[in-house]
Amino acid sequence: MKKVIVPIGPYHPLFEEPEYFALYCDGERVVDVEWIAGYNHRGIEKISESKHWDQITFLVERICGICSTSHPIAYCNAVEDLAKVEIPERAKYIRCIIGELERIHSHLLWVGLAGHFLGYNTVFMWAWKYREPILDIMEMITGNRNHYAMMKIGGVRRDIDDAYIPIIRKILEDLKPKLNMLTNAVLDDPVLAARLKGVGVLTDKDIKEFGALGPVARASGLDIDVRRDSPHAAYDLVEWKVITQNEGDVFARAVVRLLECFESMKIIEQCLDNLKGKKGEISIDVRNIPPGEGIGHYEAPRGECFHYVRSDGTGSPLRHKIRAPSFNNIPTFKASCIGETISDVTIILAGVDPCYCCTERAIVAYDVNTQKKILDGSDFIRLSQEKTRKIEKEIGVAPSRWEEKNWERDN
Amino acid sequence: MVLSLRKKALKKSLFVFHLSTGSCNNCDIEILDCLTPRFDIERFGITLAGSVKHADVLLVTGIGTLKNIERVKKLYQQMPKPGFVVAIGSCACTGGMFRDGYTMAGPLDKIIPVDVYIPGCPPKPEAMIAGIVKLLNSIK
Amino acid sequence: MDTLETIKKRFSDRIINIKIHSDIRIYIEIDKKDLLDFAKFIFNDMDARFITATGVDNLDSMEVLYHFSIDREDVIVSLRVLLDREDPVIESLTPVVKGALNIEKEMYELLGIKFLNHPELKRFLLTEEYPEGVFPLRKDSQKGKK
Ligand code: SF4
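These remarks concern the structure in this document.

Rules used throughout
- Residues numbered from 1 in each chain as written.
- Chains lettered and ligands numbered in written order.
- Predicted model: local features only at pLDDT ≥ 70, side-chain atom pairs only at ≥ 80, totals over all residues.
- Heavy atoms only, no water.
- Contact = heavy atoms within 4.5 Å.
- Buried area = accessible area lost by both parts, 1.4 Å probe.
- Salt bridge = Lys/Arg side-chain N within 4 Å of Asp/Glu carboxyl O.
- Helix = DSSP H or I, 4+ residues; strand = E, 2+ residues; numbered from the N terminus.
- Nonpolar A, V, L, I, M, F, W, Y, C, P; charged D, E, K, R; others polar.
- Pairing = 2+ DSSP bridges.
- Axes fitted to C-alpha atoms, helices over the stretch in contact; angles between N-to-C directions.
- Parallel < 35°, antiparallel > 145°, perpendicular 65-115°, else oblique.
- Left-handed = near helix turned anticlockwise from the far one by under 90°.
- Polar contact = N/O pair within 3.5 Å; in protein donor to acceptor, adjacent residues only side chain to side chain.
- Near = heavy atom within 4 Å.

With 46 residues of chain A at the interface, the matching set in chain B holds 37 residues. Between chain A and chain B, a total of about 3600 Å² is buried, with carbon and sulfur atoms accounting for 58% of that surface. The tally of links between chain A and chain B comes to 6 salt bridges. We note a salt bridge from D136(A) to R38(B), for which the minimum N-O separation is 3.0 Å. For the side of chain A that touches chain B, the secondary-structure elements that each account for two or more residues are α1 (44-48), α2 (53-61), α4 (89-117) and α5 (121-142) of chain A. Among the residues forming the side of chain A that touches chain B, the class breakdown is 24 nonpolar, 9 polar and 13 charged.

Below, the structure is given as structure tokens:
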């Protein structure tokens, strides 16, 4: 039997980092997956050892552009655990607000890209358009669209002024119906359901073995969420619930992500209520970090961020270990891709949300024996989009005119 | 003469190829943002190319890690000339806070020649558009 | 504190040292030959979630910390194993916990810790050209420091 290796990456639109996957295929079926990383390895753990405790919040922010407040929160949690300090209440609410705003924009980003891979460019444009108001809020309260630099050991760096609160509320109110529309459009679509249901299934046993986290775990029925299980910031002071699904397929992951956006809005609104009209400290002074070790974690949009720090009492850490959620989520491809067809692989890889980055496709498929090129990057997305069109025909739904036009132009 | 004609044609509609060489992906998202309804650079005739062989401009983000340099060089060679290289973000311009790292091979201008630098971490989409406009104006 | 009691009851004589940082952060030092027994018990019987492992260079020894989270009690148990710095070798955890595969590869190439019975111990993050025997996360490797 002739096996074909299909390399995905290192430059591929699915990944935040240039990352490399080798798919071993037998005909249409995938029989094995191998992950080769390191194209984006910047040695942050080592650089961290040469920076001051305060500077590291800026460094960890730049691990990932989408979770750019989750890492600082996890890091601050770790140092606060080490130094045994409790942050002021107002700071807790502000941390929550920033964290949840980030979750909404990150999930919308995912929905958009997933739509693109399925050939639904409308979803892509919608989702990214609705993401902009969130970035506007961020720019208003923190000064930057991404990389907010809000976290600080012992609290937060900036206060949220009372004057901003009604504006934030207004933006969120306006966003809600649109988000509702988007959610319904995605979840009620027969084509998307046919395309995503039963694809890339992960059982709860797989999840436990690989240690997968976040929406991936919750879509497989595992009820874990660090925000609830290990209360920090203000998550135990507000009302919200953890969204879980049992199917474990890509569709369930989409459901979890979309519904989580609404929970996040709930949290933000309650936090704003608690900030309004009150005054208070936003941070306490933490001057010396005592010797010892500390662990902090935070539920980033993709799962648990984990930071371990060790101090010897000097100005910078002795060791700083960072574990991002995708590190545990990506190896689940070994369980979810095997046995699926090549045209589904794109969306399965995307379903885990492995931190996207590049827009460009540089996947090339080589025949193992002849080394001849058989598929390339755009082919992959084309395969995926073709499958959607086929299902559309079977179900008897006509693609929108706009989609059709684009489809013809692109091919 | 041939070249200037080509350049003239080039100015009308730029095809950009986006390449990340070890970034935090925020710059990459902001590049994508330029394509979405709010900024919509397609109205200027700028569009994302699917392959570097169709591209006029290489948008590069990230510090350029040791593992990436060979690929960056290769992609640069494959780009049809005349072509331009834009370094986006502090990482690509200077190395930023990663300059001391053990996998650092950049900044970008050590690897390939760079025409435009757009600093910022990440630069706002407006800044990127402004950078591209400056590039267009500089083509003579 | 159930977690600690359960572990203590099961392995009373094999624990070298216990450090209780706070109610929810427990560090247990064990000998390297006991690692698999402890890990099996905590991961399978106590239904913990494997978070990750941390390798630390202490200059006089190599240290590996295996972090497990018991979510329903909000406790993180870290198993601490000290290894000889000149020749750090330890049994791989991958046969017990599949999720340990990549983190062990990472420790192998960044810190030079060898894992016995690991299915694919090879380069993962660094380039092929990166010099052999140079481990960037060790304290005596200066690159990456000012
Ligand atoms: S310049 Fe900033 S935003 Fe851009 S890749 Fe570098 S760290 Fe990320």
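There is more to say, and it comes next.
This part takes up the sheet that holds strand β4 (residues 84-88) of chain B. All names here are of chain B. One open sheet accounts for 5 strands, arranged β2-β1-β3-β4-β5; its pairing is parallel. The open sheet is flanked by β2 (47-48) and β5 (116-118), the only strands paired with a single partner. As defined by bridge partners, strand β1 (residues 15-20) adjoins β2 across 2 bridges and the pair is classed as parallel. Along β2, the bridge assignment pairs F15 with T47. Packed onto the sheet, helix α2 (residues 26-33) meets β1, β3 (57-61) and β4 and runs at close to 140° relative to β3.

All names here are of chain A. Close contact between α5 and helix α6 (residues 164-187) brings their axes to 10 Å; oriented N to C, the two are set at 165°. Considering their axes alone, α5 and α6 lie roughly antiparallel with respect to each other. The two elements α5 and α6 meet at a crossing, and its hand is left-handed. Contacts between α5 and α6 involve V123, W126, A127, Y130, P133, I134, I137, M140 and I141 on the former and, on the latter, Y164, I167, I168, I171, L172, L175, K178, M181, L182, A185 and V186. When grouped by side-chain class, the residues that make up the contact of α5 with α6 number 19 nonpolar, no polar and 1 charged.

Let us now look at the interface of chain C and chain A. Taken together, the 47 residues of chain C in the interface contact 39 residues of chain A. Note on chain C versus chain A: buried area summed over both sides is about 3700 Å², and carbon and sulfur give 50% of it. The interface formed by chain C and chain A includes 8 salt bridges. Of the charged contacts in the structure, one is a salt bridge between E106(C) and K321(A), with a shortest N-O distance of 3.2 Å. Our count for the contact surface shared by chain C and chain A stands at 17 residue pairs in polar contact (both at pLDDT 80 or more). Elements represented by at least two residues in the side of chain C that touches chain A include exactly β1 (15-22), β2 (25-30), β3 (49-57), β4 (61-70), β5 (75-84) and α3 (101-111) of chain C. Take the side of chain C that touches chain A: its biggest share by element is 8 residues, from β3(C).

Here we take up the site of the ligand. Around the ligand lies a shell formed by R62(A), H147(A), S23(B), C24(B), N26(B), C27(B), G89(B), S90(B), C91(B), G120(B), C121(B) and P122(B). Chains contributing residues near the ligand are chains A and B. The set of elements that each furnish at least two residues to the shell around the ligand consists of α2 and α4 (89-94) of chain B. Ranked by residue count, the leading element in the shell around the ligand is α4(B), at 3 residues. Residues belonging to the shell around the ligand are distributed by class as follows: 5 nonpolar, 6 polar and 1 charged.

No statement about biological role is implied by the geometric values presented.
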